[in-house]
Amino acid sequence: HIVFKLKNGYILIHLGMTGIVRFFKKSSIKTIDKHDHYEIELKNESVLRYNDVRKFGSIHWAENIDDHFLIKNLGVEPLSKKLNVSYLYKIIKKRSVSIKNLIMNQNIVVGVGNIYACEALYMSSIRPDKKCKYITLKQCDDLVKSIKFVLKKSIKSGGTTLKDFKNLDGAPGYFKQKLMIYDCKICKCGVKVKNIKLGGRSSFYCNVCQK
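Each chain has its residues counted from 1, running along the sequence as written. Predicted model: local features are reported for residues with pLDDT of at least 70 only, side-chain atom pairs are reported and counted for 80 or more only, and whole-chain, interface and lining totals are derived from all residues. Side-chain metrics rest on all non-hydrogen atoms present in the structure, leaving aside hydrogens and water.

## What to know about the environment of Asn-84
Note the following rule: Each helix corresponds to a stretch of at least 4 residues labelled H or I by DSSP, and each strand to a stretch of at least 2 residues labelled E; elements are numbered beginning at the N terminus. The buried label goes to any residue with under 20% of its type's maximum accessible area, the exposed label to any with over 50%, and the partly exposed label to all in between, with areas taken from a 1.4 Å probe on protein chains only.
Note on placement: Asn-84 falls in the loop between β6 (58–62) and α1 (85–92). Assessed through its relative accessible area of 29%, Asn-84 is described here as partly exposed. Considered as a pair, Asn-84 and Lys-148 are 64 residues apart in the sequence and their alpha carbons are 10.0 Å apart.

In structure tokens, the structure reads:
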């Protein structure tokens, strides 16, 4: 979600799967691109334009952001102190689902998408289909650190562009070049990377490096 805090409330943008927000000077606008759906003009002659190919995203007005239906049931922010080994381990020991599905559950922790879940689990040497109840405290601690590391590294690289994603200036993200396991053919150990479906999503892992 992208949140704009204004004097009387908030504008909340939910990007869905393919939503993109671009920022540019009004004077540079030439044409309306296909799938451009919404535009906000700013006082300094700049424009924020929302584009969404699949139309799964949405734009909302809220006077109190904490009570908004898209926000109030979300889990903790992954880069905040609230995501720590104590918080995650307490939840893990009560669940029997796969660890990958759990860390992608937005009601538990937000912002860990499919790519970053695969990468963080690889860094932690944990199989994506491993049941939560078999995760040790040490593995949980490694996973929390890996989630934070992967997200920070991706942010520095401008995100991950596999197909549609672009930054505010229209440029692609370059984290794809740094992926260690997602959509890779061979692991660094030399073994062929496996791909299974979990929760309907592709889950890449190495059966030698991850247990």
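## Structural notes on the nonpolar core
The condition is simple: Side-chain atoms within 4.5 Å are what join buried Ala, Val, Leu, Ile, Met, Phe, Trp, Tyr and Cys residues into a set we call a nonpolar core. When checking whether two residues touch, look at their non-hydrogen atoms; a contact exists if any pair is within 4.5 Å.
Within the largest apolar cluster, 36 residues are counted, with the highest numbers of intra-cluster contacts made by Leu-88, Ile-92, Ile-99, Leu-102, Ile-103, Leu-143 and Ile-147. Mapped onto this core, the elements with two or more residues apiece are α1, α2 (99–103), α3 (114–123) and α4 (137–156). The greatest single-element share of this core, amounting to seven residues, is contributed by α3. For Leu-88, the residues in contact, after removing those within four places along its chain, are Leu-102, Ile-108, Cys-140, Leu-143 and Val-144.

## Quick look at the pattern of salt bridges
Our working rule: For salt bridges, the criterion is a side-chain nitrogen of Lys or Arg within 4 Å of an Asp or Glu carboxyl oxygen.
Applying the stated criterion to the full structure yields seven salt bridges. For Lys-138, the salt bridge identified is with Asp-142, shortest N-O distance 2.7 Å. Placement of the pair is Lys-138 and Asp-142 together in helix α4, with a separation of four residues, close to one helical turn. By relative accessible area, Lys-138 is classed as exposed at 55%. Here Lys-145 makes a salt bridge to Asp-141, at a shortest N to O gap of 3.2 Å. Placement of the pair is Lys-145 and Asp-141 together in helix α4, with a separation of four residues, close to one helical turn. Among the residues examined, Asp-141 registers a relative accessible area of 25% and is labelled partly exposed.

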